[in-house]
Amino acid sequence: MSEWTYHDALAQFGIGSAHPGGYGLTKELLAKEALTAKTRVLDCGCGTGRTAALLAKRYRCKVTALDRHPLMLEKAKRRMAKEKVRSVRLLQGDIENLPFADNSFDLLLAESVTVFTDLGTALREYARVLRPGGVLIDLDMTAERPLSARELEELSLVYGTRHVPTEEEWRGRLEQAGFDLIEVVKGGSVASALAALTEQQAADAQDIDPSEGIDTQLYEIFAAHERVTRQYRHRLGFRVFRAVVK
Ligand SMILES: C[S@@+](CC[C@H](N)C(=O)[O-])C[C@H]1O[C@@H](n2cnc3c(N)ncnc32)[C@H](O)[C@@H]1O
């Protein structure tokens, strides 16, 4: 059994915008928000920092980007240097115990990360660090119907997830954590997302920064990810939740 994780594979290959809908969807979501140079944004689970760089460059927001994975942060740092973005504060940290005071941010982005954490703890942390009235945009893996224990076990072998909520379950979790005005602004099954993939999105997906000498086991993790994606294309999907802290 490999000691490597799915996130190690993403980090070693240095994949930017590692979420359904990719960079195109991120740009679409941000364009709908009233972002200014005063907006304090936290990108939780920022990966290689593609969204954080966009927020700083296009919107001049005050951006903090946090990830647990040291190699992701190294690659995010390299991106900021390459793209001459000096203002992003990059931090190593755990979403389940965010290193920020209460009411520190106006907007919190979580692109394909919350599902990998303890949901209740992570969502309560998001609500705590956002100011009252602050906005959460959470793009997350969602089950199209409740999954059986065997299905969850199979997914956890690839992703290390403990649970994959349905849309209804996500809504309930968000409410319990103190969010209100919960909307689903985008989403669908993996099958529908693949069918809707445009040439532009495919081109946008080409944002990689691979490490040297990648272990062959990491290719196997990707092969398992692709197999599961195909196999579960009607049972798994994603939703973009937009919610406001009470
Ligand atoms: C699927 S990737 C998505 C990265 C990025 N948001 C993007 O869209 O490209 C998930 C990221 O979440 C990070 N992550 C997972 N669990 C975390 C946790 N508990 N605290 C902080 N980061 C975490 C991983 O290291 C990885 O970089």
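Our subject is the structure listed above.
Residue positions within a chain follow its written sequence, with the count starting from 1. Under the rules for a predicted model, residues below a pLDDT of 70 receive no local features and side-chain atom pairs below 80 are neither given nor counted, while totals for whole chains, interfaces and linings still include all residues. Water and hydrogen atoms play no part in the side-chain values, which are based on all heavy atoms of the structure.

**Some thoughts on the overall build of the protein chain**
At step 1: Counting its secondary structure elements, the protein chain contains ten helices and seven strands.
At step 2: Taking 18 Å as the expected radius of gyration for a compact globule of 246 residues, we find that the protein chain reaches 17 Å, a close match to that expectation.
At step 3: Along the first, second and third principal axes, the C-alpha set of the protein chain runs to 45 × 40 × 35 Å.
At step 4: The rule is simple: take the accessible area with a 1.4 Å probe, protein chains only, and divide by the maximum for that residue type; under 20% is buried, over 50% is exposed, in between is partly exposed. When burial is assessed residue by residue, the protein chain has 52% of its 246 residues classed as buried. Only DSSP runs of H or I covering at least 4 residues are called helices, and only runs of E covering at least 2 are called strands; the numbering of each starts at the N terminus. For this measure, only C-alpha atoms enter the radius of gyration; the expected value for a globule follows 2.2 Å times N^0.38, where N is the number of residues.

**Here's the deal with the nonpolar core**
At step 1: Put simply, buried Ala, Val, Leu, Ile, Met, Phe, Trp, Tyr and Cys residues joined by side-chain atoms within 4.5 Å make one nonpolar core. Counting residues in hydrophobic clusters, the biggest one holds 51 residues, and the most contacted among them are Leu42, Leu108, Tyr126 and Phe179.
At step 2: When residues in this core are grouped by element, the largest group, six residues, is from helix 5 (residues 119-129).
At step 3: Any two residues whose heavy atoms approach within 4.5 Å are treated as being in contact. Residues in contact with Phe179, not counting those within four places in the same chain, are Leu123, Tyr126, Ala127, Leu130, Leu136, Leu174, Ala243, Val244, Val245 and Lys246.
At step 4: Grouped together as the second largest cluster of nonpolar side chains are 28 residues, Ala53, Ala56, Ala65 and Leu107 included.

**Structural notes on the sheet that holds strand 4 (residues 105-111)**
At step 1: By definition, two strands form a pair when at least two bridges between them are found by DSSP. Taken together, seven strands build an open sheet; the order of strands is 3-2-1-4-5-7-6 and the sheet is mixed. Taken across any chain shown, the strands that pair with only one partner, and hence form the sheet edges, are strand 3 (89-92) and strand 6 (179-189). Neighbour-to-neighbour, the strand axes of this sheet turn through a mean angle of 15°, independent of strand direction.
At step 2: By the bridge criterion, four bridges tie strand 2 (residues 62-67) to strand 3 in an arrangement that is parallel. Looking across to strand 3, one finds that Asp67 is bridged to Gln92. Convention adopted: a line fitted to C-alpha atoms gives each axis, helices being fitted over their contacting stretch, and angles between N-to-C directions are expressed from 0 to 180 degrees.

**Quick word on the site of the ligand**
At step 1: We call a residue near a given molecule or strand whenever any one of its heavy atoms falls within 4 Å of it. Neighbouring residues of the ligand: 19 residues in total, closest Ala18, His19, Gly45, Asp67 and Asp94.
At step 2: Any pair of nitrogen or oxygen atoms within 3.5 Å is treated as a polar contact; in protein, a donor-acceptor pairing is required on top of that, and neighbouring residues in sequence qualify only through side-chain atoms on both sides. The contact in question runs from a nitrogen atom of the ligand to an N or O atom on the backbone of Gly45, over 2.6 Å.
At step 3: At a separation of 3.2 Å, a nitrogen atom of the ligand approaches a polar backbone atom of Arg68.
At step 4: Any residue that is not Ala, Val, Leu, Ile, Met, Phe, Trp, Tyr, Cys, Pro, Asp, Glu, Lys or Arg is counted as polar, Gly included; the first ten are nonpolar and the last four charged. Looking at side-chain class alone, the shell around the ligand contains six nonpolar, nine polar and four charged residues.

**As for helix 6 (residues 149-159)**
At step 1: Of all the residues in helix 6, the buried ones are Glu151, Leu155, Val158 and Tyr159. On an axial view of helix 6, the arc spanned by its buried residues comes to 80°, and they lie on one face. Opposite its buried face, helix 6 presents the exposed residues Ala149, Arg150 and Leu157, each directed more than 90 degrees away.
At step 2: Along its buried surface, helix 6 packs onto helix 1 (6-13), strand 5 (130-143), helix 10 (216-231) and strand 7 (236-245).
At step 3: Of the residues trailing helix 6, Gly160 is marked for its positive phi of about 70°. Regarding the arc, it is the one traced by the directions from the helix axis to the C-beta atoms.

**Things to note about the pairing of strand 4**
At step 1: Of all seven residues in strand 4, seven are buried, a share of seventy percent or more.
At step 2: Looking at chain direction, strand 1 (residues 40-44) and strand 4 are connected through four bridges and run parallel. Counted as the bridge partner of Val41 is Leu107 from strand 4.
At step 3: Examined bridge by bridge, strand 4 and strand 5 share six bridges and lie parallel to one another. Looking at the pairing, Leu107 lines up with Val135 of strand 5.
At step 4: Assignment of crossover handedness uses the view with strands pointing away from the viewer, where a clockwise path from the first strand over the helix to the second indicates a right-handed crossover. In this fold, strand 4 hands off to helix 5, which returns the chain to strand 5; that crossover is right-handed.

**Concerning the pattern of salt bridges**
At step 1: The salt bridge definition used is simple: a Lys or Arg side-chain nitrogen within 4 Å of an Asp or Glu carboxyl oxygen. Scanning the model with the defined rule gives 20 salt bridges in all.
At step 2: Residues Arg79 and Asp207 are paired through a salt bridge, measuring 2.7 Å at the closest nitrogen-oxygen approach. You can see Arg79 sitting in helix 4 (residues 70-82) and its partner Asp207 sitting in the loop between helix 9 (199-204) and helix 10, a full 128 residues away along the chain.
At step 3: When its relative accessible area of 10% is taken as the criterion, Arg79 is described as buried.
At step 4: On the basis of relative accessible area, Asp207 is assigned to the buried category, the value being 17%.
At step 5: In this structure, the salt-bridge partner of Asp106 is Arg131, at a minimum N-O distance of 2.7 Å. On the criterion of sequence distance, the pair formed by Asp106 in strand 4 and Arg131 in strand 5 is long-range, its members being 25 residues apart.
At step 6: Judged by relative accessible area, which is 14%, Asp106 ranks as buried.
At step 7: Residues participating in the shared-partner salt-bridge network are Arg50, Lys57, Arg79, Glu83 and Asp207.

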